[in-house]
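Remarks on the overall topology
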Amino acid sequence: MDFDFNDEQRMLKDSVNQLIADRYTFEQRKSYMKDASGFSRDVWNQFAEMGLLGLPFDEKFGGVGYTDGGAVETMIVMEAFGRGLTLEPYLATVVLGGGLIHRGGNDAQREALLPKIADGSLMLAFAHEEAQSRYNLADVATTAKRDADGWLLTGEKNFVVHGNCADKIIVSARIAGDRASRDGIGLFLVDAKAPGVARKSYETQDGQRAAQIRLSGVKVSSNDAIGDPDKALPLIEKVTDTVLAAVAAEAVGAMSAAHEVTLDYLRTRKQFGVAIGSFQVLQHRAVDVLVSLEQARSMAYYATMMANDPDPAERSKAISAATVQIRRSGKFVGQQVVQLHGGIGMTLDYKIGHYFKRLTAMESLLGDTDYHLAALARAGGLIEASA
Amino acid sequence: MDLRFTADEIQFRDEVRGFFRTALPASIRRKMELGQRLSKDDIVTWQRILNAKGWAVPSWPVEWGGTDWGPVKTYIFKEEMQQAPAPDPLSFNVSMVGPVLIAFGSEAQKKHFLPKLANLDIWFCQGFSEPGAGSDLASLRTAAKREGDHYIVNGQKIWTSRAHNADWMFCLVRTSSEGKPQQGISYLLIDVKTPGLTIRPIHTIDGEHHFNEVFFDNVRVPAENIVGEENKGWTYAKYLLGHERVGIARIGAAKHRIQRAKALAADVMIGDTPLSETTRFREKVASIEVELKALEITQMRVVANSVRLPKGAADPTSSILKLKGTELQQATTEILMEVAGANAMIREPDHLWGTATEPSIGPEWTTTTAADYFYMRAASIYGGSNEIQKNVIAKRILEL
Ligand SMILES: Cc1cc2nc3c(=O)[nH]c(=O)nc-3n(C[C@H](O)[C@H](O)[C@H](O)COP(=O)(O)OP(=O)(O)OC[C@H]3O[C@@H](n4cnc5c(N)ncnc54)[C@H](O)[C@@H]3O)c2cc1C
């Protein structure tokens with residue numbers, strides 16, 4: 001057993017934390033938010049220079065070539081991003097989009113796309129969820145119909161994280177089967193500017209960006225199908241599990257930064273002539289937050305460790321278990337850090353409320369708490385019955 | 001013992017319910033149902049409709065436009081109003097400064113202000129909190145110095161809700177630094193248009209403009225605008241704490257959210273099953289309903305008991321109403337968040353304000369869910385945080 005990072009990982013952690021400290025103060029973040037795209041291109045380019053954008057990819061595709069798809073390294077980076085509440089489309093482009101291409105694409109697609117992701121010149125988004133799907137990854141109503149030399153996509157996608165700025169969009173669509181059947185789902189690479197693609201960009205409650213995307217008979221060439229267009233669901237599940245592991249780390253970063261800010265406040269804010277941190281009830285609350293945060297951190301490690309487990313059933317159970325803990329901790333920590341700040345915790349111009357909002361947004365990302373709890377319970381839980 | 005309403009009370013409830021059904025303007029009802037933000041106009045319009053009916057200030061004495069309903073009917077009225085759902089009359093006017101003026105104001109102040117407060121011709125805001133004086137309100141430093149027949153006010157207030165809508169502020173100011181901090185505080189009425197008074201917005205985490213900071217730079221306030229005696233302001237402010245406990249738990253509003261959550265969950269499909277029919281959702285909602293029912297009966301116990309208490313005396317049980325009430329308000333916003341799911345995260349402020357010209361991206365009702373959830377976090381902070389409420393209960397009721 002070893003919970004320590006190796007030297008290289010420690011260096012990565014230091015340099016990403018340094019980057020966030022330098023480039024992601026609260027004031028800087030506010031200015032990035034004002035950009036039309038909702039993030040900083042500059043910071044994005046810096047991610048590229050540091051090798052963060054190719055982190056999970058093989059060396060021959062412009063990546064770093066870490067073992068295990070860079071799961072630990074991704075965790076390190078995402079935790080730092082959680083601390084900084086970064087706005088860049090890292091999750092959408094690198095972990096999600098890049099993950100789908102890296103794990104599901106053919107060599108031609110990987111050679112064409114991954115190096116561009118790594119050098120910062122290509123942004124991706126994954127258009128999968130639909131209004132009716134309610135977290136069920138198999139629920140896809142968008143259709144792909146055979147066309148002379150490829151496919152025609154029709155349907156509407158929502159909650160496309162960073163769909164606003166993506167150059168290319170990976171769209172899931174059904175080529176066969178009932179609306180929620182596991183077979184018959186394909187993945188297609190669509191140019192965001194292709195005829196028939198209409199996107200409505202919007203801001204999310206936590207200051208990030210997303211889009212609703214309508215596809216009206218969008219033509220896709222056969223070469224742009226990713227993997228077997230009949231059996232993409234296992235790939236989608238595999239990659240969303242790595243995304244959930246990454247989000248777990250991001251949540252831990254947000255929680256621990258929020259906790260630190262709050263401890264500082266408890267030490268410095270005075271009421272009744274003393275620091276409010278001297279009130280026992282607030283001390284206990286701060287401890288409750290710590291307990292909740294550390295439970296979450298442990299489960300983020302677990303998710304990282306299991307994200308690439310070869311057994312899909314074990315992997316999914318572990319990821320759902322971690323997600324339940326992360327969501328519960330995120331909600332508790334988010335609410336409490338606001339409460340402990342009093343009035344200033346409610347103000348838009350102060351950092352703490354933004355952690356709360358980001359943690360809230362994560363609660364419904366790729367399945368809410370109840371969804372993952374039900375999935376875990378259906379799969380028999382983590383401990384086997386034994387009399 | 002009988003927990004049911006009498007025939008007379010039921011008749012009253014039906015009358016009130018009927019009135020809300022017909023008198024509440026459709027546009028305001030729609031905003032309330034969707035949880036959209038009300039404009040100043042909406043609030044003024046509604047309060048004037050209530051006032052015309054003689055129902056804007058039911059707890060005030062009849063001579064000042066109130067009613068002789070007594071606690072049970074007043075309670076019924078408030079619950080029905082929240083469930084209608086209709087906006088509350090402006091609490092700063094009706095439940096805060098009004099009762100203080102009635103109890104401690106001069107005849108001239110009562111004559112001048114009370115009718116205008118009831119009709120919302122004058123909108124008051126509450127200037128209590130300061131940057132350094134929140135939970136420890138008595139440490140407030142905004143100073144009022146007497147100069148001839150004026151007070152000269154200097155200092156700063158913060159978190160002043162709707163000061164940007166207000167005409168006047170009731171304000172706690174320091175008039176003496178002698179004795180205990182509580183002893184040097186006065187209760188002053190200030191016209192917010194007085195030169196030297198500046199209001200600056202502070203936006204809340206839901207992105208809205210609810211509250212403000214207010215700066216006083218040599219603001220001249222006529223001495224006649226002091227309420228009661230100099231240095232007695234703390235007593236007047238405290239008077240409110242034991243007052244107006246009826247409806248403070250806002251059970252009607254929580255019930256309304258539960259009603260909505262159940263109805264809306266019927267349209268959210270989890271595979272082939274509506275969310276409203278899943279065991280997990282039902283049990284979660286049911287357990288909130290249990291707590292709400294308990295609090296409702298607690299509220300009614302307090303109401304029934306208040307008939308017997310000497311005037312002005314507070315029922316110790318009443319102090320749990322705000323505590324538990326805010327917890328349940330918050331729990332009901334969380335249930336709606338779950339029903340809305342990822343839709344709640346789409347930010348469309350024009351839908352929140354009811355000014356949208358295009359359809360919303362998700363279902364219309366989900367456009368207000370997150371703002372409601374975010375803002376409701378404040379319910380356990382303002383008006384004495386829940387931690388402070390517990391301190392007070394431990395000290396005063398449990399005598400620990
Ligand atoms: C949305 C909103 C609207 C408001 N509107 C108004 C208004 O219109 N007018 C007005 O005057 N004020 C208003 N307030 C201010 C409100 O009354 C104060 O925020 C509240 O009194 C808490 O004070 P504070 O913000 O300074 O927090 P602090 O007093 O600094 O409290 C910070 C934290 O410490 C805790 N704490 C403090 N003392 C103790 C203790 N002794 N024991 C245990 N815990 C303690 C608190 O519970 C809180 O969790 C509003 C606040 C909000 C959020």
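Parameters and conventions
Think of each chain on its own: its residues are numbered from 1, step by step along the sequence as written. All chains are assigned letters beginning at A, and all ligands numbers beginning at 1, according to the order in which they are written. Confidence filtering applies because this is a predicted model: local features only for residues at pLDDT of at least 70, side-chain atom pairs given and counted only at 80 or more, and all residues used for totals across whole chains, interfaces and linings. Side-chain numbers come from the whole structure's heavy atoms, not from hydrogens or water. In this description a helix means any DSSP run of H or I spanning at least four residues, a strand means any run of E spanning at least two, and both kinds are numbered starting from the N terminus. Computation of the radius of gyration draws on C-alpha atoms, with the globule rule given as 2.2 Å multiplied by the number of residues to the power 0.38. Burial status follows relative accessibility: with a 1.4 Å probe on protein chains alone, a residue under 20% of its type maximum counts as buried, one over 50% as exposed, and anything between as partly exposed. Contacts are residue-level and defined by heavy atoms, with any inter-residue pair within 4.5 Å sufficient. Computed with a 1.4 Å probe, the accessible areas rest on the Shrake-Rupley method; for each residue, only the protein chains presented here act as cover. Only four residue types enter the charge count: Lys and Arg as positive, Asp and Glu as negative, with His and the chain ends excluded. Every charge is mapped to an atom, namely NZ of Lys, CZ of Arg, CG of Asp or CD of Glu. Stacked, tilted and edge-to-face pairs are distinguished by plane angle, under 30 degrees for stacked and over 60 for edge-to-face with tilted covering the rest, among Phe, Tyr and Trp rings (Trp via its six-membered ring) whose centres lie within 6.5 Å. Here's the idea: put two parts together, see how much 1.4 Å probe accessible area each one loses, and the total over both is what we call buried area. Salt bridges are defined by distance alone: a side-chain nitrogen of Lys or Arg within 4 Å of a carboxyl oxygen of Asp or Glu. Throughout, a disulfide means two cysteine sulfur atoms within 2.5 Å of one another. Strands were regarded as paired on the criterion that DSSP finds at least two bridges between them. Where each domain starts and ends follows an automatic or database-derived domain assignment. Counting of polar contacts relies on pairs of N or O atoms within 3.5 Å, with two restrictions inside protein: one atom must be capable of donating a hydrogen and the other of accepting it, and residues adjacent in sequence are counted only when both atoms are side-chain atoms. Under the scheme applied, nonpolar residues are Ala, Val, Leu, Ile, Met, Phe, Trp, Tyr, Cys and Pro; charged residues are Asp, Glu, Lys and Arg; polar residues are all the others, including Gly. It suffices for a single heavy atom of a residue to lie within 4 Å of a molecule or strand for the residue to be listed as near it. To define a nonpolar core, start from buried Ala, Val, Leu, Ile, Met, Phe, Trp, Tyr and Cys residues and group those joined through side-chain atoms within 4.5 Å. Here a patch means residues that are over 30% exposed by relative accessible area and free of salt bridges, tied together within 9 Å if like-charged and within 5 Å if nonpolar (Val, Leu, Ile, Met, Phe, Trp, Tyr). What pLDDT conveys is the predictor's confidence in a given residue, as a value from 0 to 100.

Right, let's get into the overall build of chain B. Helices and strands together make up the secondary structure of chain B, namely 13 helices and 11 strands. For 400 residues, the compact-globule formula gives about 21 Å, and the C-alpha radius of gyration of chain B, at 22 Å, lands near that figure. Oriented by its inertia axes, the alpha-carbon framework of chain B measures out at about 75 × 50 × 45 Å. The 400 residues of chain B split such that 53% are buried. Put simply, 70% of the contacts in chain B that link residues at least 6 apart link residues at least 24 apart. Here chain B has roughly 17700 Å² of accessible surface; of this, 53% comes from carbon and sulfur atoms. A distance of 3 Å separates the average location of the 48 positive side-chain charges in chain B from that of its 48 negative side-chain charges.

Within the fold, B:Glu296 resides in helix α9 (residues 279-306). B:Glu296 has contacts with B:Tyr75, B:Ile251 and B:Lys255, leaving out every residue within four places of it along the chain.

Another aspect to go through is the packing of aromatic side chains. In this structure the tally under the stated criterion is 31 aromatic pairs over all chains. When the centroid spacing of 6.1 Å and the interplanar angle of 80° are considered together, the rings of A:Phe272 and A:Phe279 count as edge-to-face. For A:Phe272, a relative accessible area of 43% corresponds to the partly exposed category. Here B:Phe124 and B:Trp168 contribute two aromatic rings whose centre-to-centre distance is 6.1 Å and whose plane-to-plane angle is 40°, an arrangement assigned as tilted. Highlighted residues: B:Phe124 in strand β1 (residues 124-127) and B:Trp168 in strand β4 (residues 168-174), separated in sequence by 44 residues. Looking at B:Phe124, the relative accessible area reads 0%, which means it is buried. Judged by relative accessible area, B:Trp168 falls into the buried class, the value being 13%. One aromatic cluster is present, formed by B:Phe12, B:Phe19, B:Phe20, B:Trp46, B:Trp55, B:Trp69 and B:Phe77 through successive ring pairs.

Across the boundary between the two partners, chain A contributes 39 residues, which contact 46 residues of chain B. Of the roughly 3600 Å² buried at the junction of chain A and chain B (both faces included), carbon and sulfur atoms supply 57%. The largest share of the area that chain A buries against chain B comes from A:Arg134, A:Gln205 and A:Met346, three residues that together contribute 22% of it. Run the count over chain A and chain B and you get five salt bridges. As a salt-bridge pair, B:Glu358 and A:Lys200 come within 3.3 Å of each other at their nearest N and O atoms.

What follows deals with the state of the cysteines. Residues and elements named next belong to chain B. Taken as a whole and assessed by the stated rule, the structure comprises zero disulfides over all chains. Take cysteine 171: it sits in no disulfide, and the sulfur closest to it among the cysteines is that of cysteine 125, at 8.4 Å. Look at cysteine 171 and you get buried, because its relative accessible area is 0%.

With that out of the way, let us pick up the pairing of strand β7 (residues 209-222) of chain B. Residues and elements named next belong to chain B. Note that strand β3 (residues 150-158) and β7 share eight bridges and pair antiparallel. Across the sheet, residue isoleucine 158 finds its bridge partner in β7, namely glutamate 213. As defined by bridge partners, strand β6 (residues 197-203) adjoins β7 across seven bridges and the pair is classed as antiparallel. The residue bridging proline 201 from the neighbouring strand is asparagine 212, located in β7. The hairpin turn running from β6 into β7, its antiparallel successor, is five residues long, and glycine 207 in that turn takes a positive phi close to 85°.

Residue and element names in this part refer to chain A. Segmenting chain A into domains produces domain 1 (7-122), domain 2 (125-226) and domain 3 (233-378). Relative placement of domain 2 and domain 3: their C-alpha centres are 30 Å apart. Across the boundary between the two partners, domain 2 contributes 16 residues, which contact 14 residues of domain 3. Both sides together, the interface formed by domain 2 and domain 3 hides about 1300 Å², and carbon and sulfur atoms give 64% of it. Among the residues of domain 2 in contact with domain 3, Tyr135, Leu137 and Asp206 are the three that bury the most area, contributing 46% of the side total. Joining domain 2 to domain 3, the criterion identifies three salt bridges. Here arginine 182 ties to glutamate 237 by a salt bridge, and the two come within 2.8 Å at their closest N and O atoms. For the interface between domain 2 and domain 3, the tally reads three residue pairs in polar contact (both at pLDDT 80 or more). When its residues are assigned to classes, the side of domain 2 that touches domain 3 shows seven nonpolar, five polar and four charged.

All right, on to the side chain of A:Gln336 then. Relative to the helices and strands, A:Gln336 resides in helix α9 (residues 312-341). With near-sequence residues (within four places) excluded, A:Gln336 lies in contact with A:Arg285 and A:Val289.

The local shell around the ligand holds 32 residues, among which A:Arg269, A:Gly343, B:Ser135, B:Ser161 and B:Ser385 are the closest. One of the backbone nitrogen or oxygen atoms of A:Gln339 is found 2.7 Å away from an oxygen atom of the ligand. Here a nitrogen atom of the ligand sits 2.8 Å away from a polar atom, N or O, in the main chain of B:Gln126. Relative to its free-state accessible area of 970 Å², the ligand is covered by the protein chains to the extent of 95%. For the shell around the ligand, the elements supplying multiple residues, two or more each, are α8 (280-306) and α9 of chain A together with α13 (386-397) of chain B. Broken down by class, the residue content of the shell around the ligand amounts to 16 nonpolar, 14 polar and two charged.

The subject of this paragraph is the nonpolar core. Residues A:Phe47, A:Leu52, A:Phe81, A:Tyr90, A:Ile170 and A:Leu187 are the most contacted members of the largest nonpolar core, which totals 87 residues. Looking at this core, the element that brings in the most residues is helix α7 (residues 233-268) of chain A, giving 17 residues. Formed by 75 residues, the second largest nonpolar core is a distinct cluster that contains B:Leu117, B:Ala144, B:Leu172 and B:Val173.

Residue and element names in this part refer to chain B. On the surface, Ile397, Leu398 and Leu400 cluster together to form a nonpolar patch covering roughly 330 Å² of accessible area. Tracing the backbone through its elements, the reader meets leucine 398 in the segment after α13. Residue classification places leucine 398 among the exposed residues on the basis of a relative accessible area of 53%.

What follows covers the pairing of strand β3 (residues 150-161) of chain A. Residue and element names in this part refer to chain A. Where strand β2 (residues 143-147) lies against β3, five bridges are found, and the strand directions are antiparallel. Counted as the bridge partner of aspartate 147 is glycine 150 from β3. Linking β2 to β3, which pair antiparallel, is a turn of two residues. The sheet contact formed by β3 and strand β7 (residues 209-221) spans 10 bridges and is antiparallel. Its bridge partner lying in β7, valine 161 is registered against alanine 210.

All names here are of chain B. Positive charge collects at one region of the surface, where Lys180, Lys238, Lys395 and Arg396 lie side by side. Secondary-structure assignment places arginine 396 in helix α13. A relative accessible area of 54% places arginine 396 in the exposed class.

Mean pLDDT over chain B stands at 93; residues scoring 70 or higher make up 97%. Model confidence for the complex: the whole-complex pTM is 0.97, and ipTM, which rates the interface, is 0.96.

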